[in-house]
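Listed below, chain by chain, are the residues.
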Amino acid sequence: MKVAILALQGAFAEHQQMLQTLGVESVLIRNLSHWNNYLQEANAHGGKALIIPGGESTAILRILRDEELLHPIRQAILSGMPVFGTCAGLIMLDSEHLCTMDIRVKRNAYGRQLGSFFTEDEFQGIGRVPMTFIRAPYIEEVGDGVEVLSVVDGHIVAARQGNQLVTAFHPELNSDTRIHELFLNMI
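Along every chain, residues carry numbers that run from 1 in the direction the sequence is written. The model is predicted, so local features are restricted to residues of pLDDT at least 70 and side-chain atom pairs to those at 80 or more, both for listing and for counting; the totals for chains, interfaces and linings are taken over all residues. Only hydrogens and water are removed before side-chain values are computed, so all heavy atoms of the structure are retained for them.

### Concerning helix H2 (residues 32–45)
For an α-helix the count is 3.6 residues per turn, leaving residues at separations of three or four pointing the same way.
Move 1: Helix length check: H2 (14 residues) gives 20 Å between terminal C-alpha atoms against 20 Å at 1.5 Å per residue, within 8%.
Move 2: Accessibility here uses a 1.4 Å probe with only protein chains present; expressed as a share of the type maximum, an area under 20% marks a residue as buried, one over 50% as exposed, and anything in between as partly exposed. Only DSSP runs of H or I reaching four residues or more are called helices, and only runs of E reaching two or more are called strands; each is numbered from the N terminus. The set of residues buried in H2 consists of Trp-35, Tyr-38, Leu-39 and Ala-42. The buried residues of H2 occupy an angular sector of 100 degrees when the element is viewed end-on, so they sit on one face. In this structure, H2 carries Gln-40, Ala-44 and His-45 as exposed residues pointing more than 90 degrees from its buried face. Under the convention used throughout, the expected extent of a helix is 1.5 Å for every residue step, that is, one less than its residue count. The arc in question is the one spanned by the directions pointing from the helix axis to the C-beta atoms.

Okay, structure coming up:
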């Protein structure tokens, strides 16, 4: 299995390091050629999956369009490819961007950079996990079929719908591997 990581902007290197810690190969996706090569290789060897990291969602969306990746990635997700979105990656999967997950998101919900924080809280099926929030969103509303996995201070910060997993925080910035392991088990 080799997991694709969208490497247009943001915390992609940290996800790559987390996967390496777990003994999982990854490939960085920067353009349509990288994406097509990944899909071709994954089809031959099985096990396709994508991580959309945190960063700046407006920049990620613009680069996805410029690199002609928006529609191919959306189609792969809608066709069942497992995807894990963290922070801006969560925003990218919502009902206003890639439109693959039935969630409505509040961007920069905790304020600017000074509103960033760290906590530990419950994550369904895992227990207490470290959570690093950086200019983080939260999920304001979930639709049918969306399972809420974690709530912090009354706000939804993790959810799953089918093969889509999202967190408003950055699990890749801590040494706890359990959320990445949960994602890998979805593949």
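Continuing now.
### As for the pairing of strand S7 (residues 127–133)
The side chains of a regular strand alternate, residue by residue, between the two faces of the sheet.
Move 1: Burial of S7 is extensive: 5 of the 7 residues sit out of reach of the surface.
Move 2: In the sheet, strand S6 (residues 117–123) pairs with S7 via 7 bridges, with the strands oriented antiparallel. Among the inter-strand pairings, Glu-120 is bridged to a residue of S7, identified as Pro-130.
Move 3: Here S6 folds back onto S7, and the loop between the two strands holds 3 residues, one of which, Gly-125, carries a positive phi near 80 degrees. The rule for pairing is simple: two strands pair if DSSP sees at least two bridges between them.

### Description of the packing of aromatic side chains
Move 1: By convention, a stacked pair of Phe, Tyr or Trp rings (six-membered ring in the case of Trp) has centres within 6.5 Å and planes under 30 degrees apart, an edge-to-face pair has planes over 60 apart, and any other such pair is tilted. Per the stated rule, a full pass over the model turns up 7 aromatic pairs.
Move 2: Considering the side-chain rings of Tyr-110 and Tyr-138, the 5.7 Å spacing of their centres and the 70 degrees angle between planes classify their relative orientation as edge-to-face. In this pair, Tyr-110 sits in the loop between strand S5 (103–106) and S6 while Tyr-138 sits in strand S8 (residues 138–142), placing the two residues 28 residues apart along the sequence.

### Remarks on the pattern of salt bridges
Move 1: Put simply, a salt bridge is a Lys or Arg side-chain nitrogen that is within 4 Å of an Asp or Glu carboxyl oxygen. If you walk through the whole model with that rule in mind, you get 9 salt bridges.
Move 2: The salt bridge involving Glu-25 is made with Lys-2; its shortest N-O contact spans 3.8 Å. Within this pair, whereas Glu-25 is found in strand S2 (residues 25–29), its partner Lys-2 is found in strand S1 (residues 2–6), the two being separated by 23 residues in sequence.
Move 3: The partner of Arg-128 in a salt bridge is Glu-122, with the nearest N and O atoms 4.0 Å apart.
Move 4: Put simply, Lys-2, Glu-25 and Glu-41 are held in one network by salt bridges that share partners.

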